[in-house]
Amino acid sequence: MSAASDVNQSRDLGQRPAMLDLPGPSIQDDCTCFTTVANARLSARNVMLEHGMSDSSLEADLLVCHAAGLSRLELLLEPEHRLSAEQVARLRRFLSRRLTREPIPYIVGASEFYGIEFHVDPRVLIPRPETELLVERAIDVANRLRAGGIERPVIADIGTGSG
């Protein structure tokens, strides 16, 4: 059975697919392509490009950061940082999940919103960047109301989000 049919079958059953059997050396167990941060970034990007994912550079960086426990700055400043076997295994799992088009916040378990990192999983909606604009507008409205003499304006967010 092909990797694609495994994914479709597991989607039909409501299950997450097992590790994909991807073509080529990109994420094979004996591959040395994930030995350093630089190699992992390039290999992950190439695998995602091969699977038609257009934001592959940024997404590869995010997956490598989370798999290796590095900040984005560390990722860029330490390209020869060697990944442990555990980090490589984690990156392979992350990459396999991403190739099924699972959103990165669900894969890494976190999403940032308005400067705060939130734990996310498939039970909650992923915060959208556009919603930060709404927060900024609400703050502007509250500030104008205060300037107009309303000392403690009340603004309610009703019936939105997942929590």
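Every value quoted in this text rests on a predicted model; they were computed, and no experiment measured them.

Topic: the overall build of the protein chain
- Within the protein chain one finds 7 helices and 2 strands.
- Secondary structure of the protein chain in N-to-C order comes out as α-α-α-α-α-α-β-β-α.
- Long-range pairs, those at least 24 residues apart, make up 46% of the contacts in the protein chain with a sequence separation of at least 6.
- Element-wise, carbon and sulfur atoms account for 54% of the exposed surface of the protein chain, whose accessible area totals about 10,600 Å².

Quick word on the pairing of strand β1 (residues 110-113)
- With 4 bridges connecting them, β1 and strand β2 (residues 116-119) associate as antiparallel partners. Paired with Ala110 across the two strands is His119, which belongs to β2.
- Counting the residues that bridge the hairpin from β1 to β2 gives 2 residues, and of these Tyr114 lies at a positive phi of roughly 50 degrees.

So, helix α2 (residues 37-50)
- The end-to-end C-alpha separation of α2 is 20 Å, in line with the 20 Å expected for 14 residues at 1.5 Å each.
- Here α2 has its buried residues at Val37, Ala40, Ser43, Ala44, Val47 and Met48. The buried side chains of α2 occupy one side of the element, clustering within an arc of 135 degrees when seen end-on.
- Elements that come into contact with the buried residues of α2 comprise α3 (56-68), α4 (72-77) and α5 (85-98).
- Directly beyond the C-terminal end of α2, a positive phi value near 75 degrees is found at Gly52.

Quick notes on the rules
- Residues numbered from 1 in each chain as written.
- Predicted model: local features only at pLDDT ≥ 70, side-chain atom pairs only at ≥ 80, totals over all residues.
- Heavy atoms only, no water.
- Helix = DSSP H or I, 4+ residues; strand = E, 2+ residues; numbered from the N terminus.
- Contact = heavy atoms within 4.5 Å.
- Areas by Shrake-Rupley, 256 points an atom, 1.4 Å probe, with all protein chains shown as cover.
- Pairing = 2+ DSSP bridges.
- Expected span 1.5 Å × (residues − 1).
- Buried < 20%, exposed > 50% of the residue type's maximum accessible area, 1.4 Å probe, protein only.
- Arc of directions from axis to C-beta.

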